[in-house]
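Here are the chains, one letter per residue:
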Amino acid sequence: MLKINNLHVKLEEEDKQILKGVDLEVPAGKVHAIMGPNGSGKSTLSYVLSGRDGYEVTKGDATLDGEELLDMEPEERAAAGLFLAFQYPVEIPGVGNMTFLRTAVNAQRKARGEAEMSAADFLKFIRAKAKDLKIDADMLKRPVNVGFSGGEKKRNEILQMAMLEPKMCILDETDSGLDVDAMKLVSEGVNALRDEGRSFLVITHYQRLLDHIKPDVVHIMAAGRIIKSGGPELALEVEHNGYADILAEIDA
Ligand SMILES: Nc1ncnc2c1ncn2[C@@H]1O[C@H](COP(=O)(O)OP(=O)(O)OP(=O)(O)O)[C@@H](O)[C@H]1O
């Protein structure tokens, strides 16, 4: 599924290397988590995979099911099955949430050579998914994310993910801004999408999210590289002891 090989990335505007040799492999059907101190490069990794401007890949590559991701335009990456839920979801004034989702779903279907979904079928589909995520019908009519609370934005992103049915989902700090109940709801939304053909990369600071979304593997990122990988117990170790011991192990 997702394979990242010795990825080096610098900022385009200044000579600052942020990713310094990331190696990561997320097989089909698996949930991997990335934790790591502030500024270690976790969000940069998700931005680069999504095709955001401002970063230059200086070495290495990333493939999704063998296809080179980094050469693709952002919409081609989405059509290839990549989905990213960002730390700070964007607001799109003037574009209704429902219209946005219908356009996105139909663009994906078109890219896959499938027929567009009719208005009636789409309405049924979105209403069922929104109900599962306890998203108010009123929120579907409002402009995308405009005036949504932090938690509503996160839930809306999980709705987008549920509607687009991607094969590789990257969730960047989906827990930030969620209250306990919303975190449970969002985690349930993610768990409902777990499937042997779908993989997840969950970037988080908090072990408690991983209590709900149980990862197969936890990676620790520091200074632009994955420095340690292990099972869910690694997240517990971080929760109890912080990163100092792990960083010291690497330096030794
Ligand atoms: N556009 C930019 N201009 C200047 N520095 C940047 C830019 N983008 C990223 N950086 C720097 O790159 C480093 C990695 O940032 P990144 O946001 O990827 O870290 P992170 O691991 O996601 O951090 P956090 O846990 O705090 O969200 C940081 O030192 C950050 O300041």
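Description of the structure in this document.

The rules behind the values
Residues numbered from 1 in each chain as written. Predicted model: local features only at pLDDT ≥ 70, side-chain atom pairs only at ≥ 80, totals over all residues. Heavy atoms only, no water. Pairing = 2+ DSSP bridges. Helix = DSSP H or I, 4+ residues; strand = E, 2+ residues; numbered from the N terminus. Axes fitted to C-alpha atoms, helices over the stretch in contact; angles between N-to-C directions. Salt bridge = Lys/Arg side-chain N within 4 Å of Asp/Glu carboxyl O. Near = heavy atom within 4 Å. Polar contact = N/O pair within 3.5 Å; in protein donor to acceptor, adjacent residues only side chain to side chain. Areas by Shrake-Rupley, 256 points an atom, 1.4 Å probe, with all protein chains shown as cover. Nonpolar A, V, L, I, M, F, W, Y, C, P; charged D, E, K, R; others polar. Contact = heavy atoms within 4.5 Å. Phe/Tyr/Trp six-rings, centres within 6.5 Å; stacked < 30°, edge-to-face > 60°. Buried < 20%, exposed > 50% of the residue type's maximum accessible area, 1.4 Å probe, protein only. Lys NZ or Arg CZ within 6 Å of the ring centre and 35° of its normal. Expected span 1.5 Å × (residues − 1). Arc of directions from axis to C-beta. Parallel < 35°, antiparallel > 145°, perpendicular 65-115°, else oblique. Left-handed = near helix turned anticlockwise from the far one by under 90°.

Things to note about the sheet that holds strand β12 (residues 225-230)
Phase 1 of the analysis: The strand order across the open sheet formed by six strands is β6-β9-β10-β3-β11-β12, and the pairing between neighbours is mixed. The open sheet has two edge strands with one neighbour each: β6 (82-85) and β12. In this sheet, adjacent strand axes meet at a mean angle of 20° when their direction is disregarded.
Phase 2 of the analysis: The pairing of strand β3 (residues 31-35) with strand β11 (residues 217-222) spans four bridges and is classified as parallel. Bridge pairing in β11 places H32 opposite V217.

What to know about the pattern of salt bridges
Phase 1 of the analysis: Per the counting criterion, the structure on display carries four salt bridges.
Phase 2 of the analysis: Linking D65 and K167 is a salt bridge whose minimum nitrogen-to-oxygen distance equals 2.9 Å. With D65 in the loop between β4 (55-64) and β5 (67-68) and K167 in the loop between α6 (150-164) and β9 (168-172), this pair connects stretches of sequence that are 102 residues apart.
Phase 3 of the analysis: Between R112 and E114 there is a salt bridge, with the nearest N and O atoms lying 3.2 Å from each other.

Points about the site of the ligand
Phase 1 of the analysis: As a structural note, the neighbourhood of the ligand is formed by 15 residues, with N38, K42, S43, T44 and H205 the closest of them.
Phase 2 of the analysis: With respect to the ligand, the side chain of N38 contributes an N or O atom lying 2.8 Å from an oxygen atom.
Phase 3 of the analysis: Starting from 640 Å² of accessible surface for the ligand in isolation, the protein chains cover 64%.
Phase 4 of the analysis: Broken down by element, the residue count for the shell around the ligand peaks at three residues, all from helix α1 (residues 42-50).
Phase 5 of the analysis: Class assignment for the residues of the shell around the ligand results in four nonpolar, seven polar and four charged.

Side note on the sheet that holds β4
Phase 1 of the analysis: Within the open sheet, the four strands sit side by side as β2-β1-β4-β5. Their pairing is antiparallel. Of all strands in the sheet, those bounded by a partner on one side alone are β2 (17-26) and β5.
Phase 2 of the analysis: Of the pairings in the sheet, the one linking strand β1 (residues 2-11) to β4 comprises eight bridges and is antiparallel in character. Its bridge partner lying in β4, I4 is registered against A62.
Phase 3 of the analysis: Its contacts with the sheet place α1 against β1, β2 and β4, and it is angled at close to 105° to β1.

Re the packing of aromatic side chains
Two aromatic rings are characterised by how far apart their centres lie and by the angle between their planes.
Phase 1 of the analysis: Summed over all chains, the structure comprises one aromatic pair.
Phase 2 of the analysis: Ring geometry for Y47 and Y55: centres 6.2 Å apart, planes at 25°, overall stacked. Taken as a pair, Y47 and Y55 share a single burial class, namely buried.
Phase 3 of the analysis: Across the ring face of Y47, the terminal group of R52 is positioned such that the distance to the ring centre comes to 3.9 Å.
Phase 4 of the analysis: Residue placement shows R208 over the ring face of Y206; its charged tip is 4.9 Å from the ring centre.

Some remarks on helix α4 (residues 119-132)
Phase 1 of the analysis: The end-to-end C-alpha distance of α4, which contains 14 residues, comes to 20 Å, matching closely the 20 Å that a straight helix rising 1.5 Å per residue would cover.
Phase 2 of the analysis: Within the sequence span of α4, burial applies to F122, F125, I126 and A130. Looking straight down α4, one finds that the buried residues subtend no more than 125° of arc, so they occupy a single side. In this structure, α4 carries K124, R127, K131 and D132 as exposed residues pointing more than 90 degrees from its buried face.
Phase 3 of the analysis: Here the buried face of α4 lies against α3 (97-111), α5 (137-141) and α6.

Considerations on the packing of α3 against α4
Phase 1 of the analysis: Two numbers describe how α3 lies on α4: the axes approach to 11 Å, and their chain directions differ by 110°. The angle between the axes of α3 and α4 places the two elements in the roughly perpendicular class. When you trace α3 past α4, the crossing you get is right-handed. Between α3 and α4, the contacting residues are M98, L101, R102 and V105 on the first element and A119, F122, L123 and I126 on the second.
Phase 2 of the analysis: Looking at the contact of α3 with α4 residue by residue, the classes come out as seven nonpolar, no polar and one charged.

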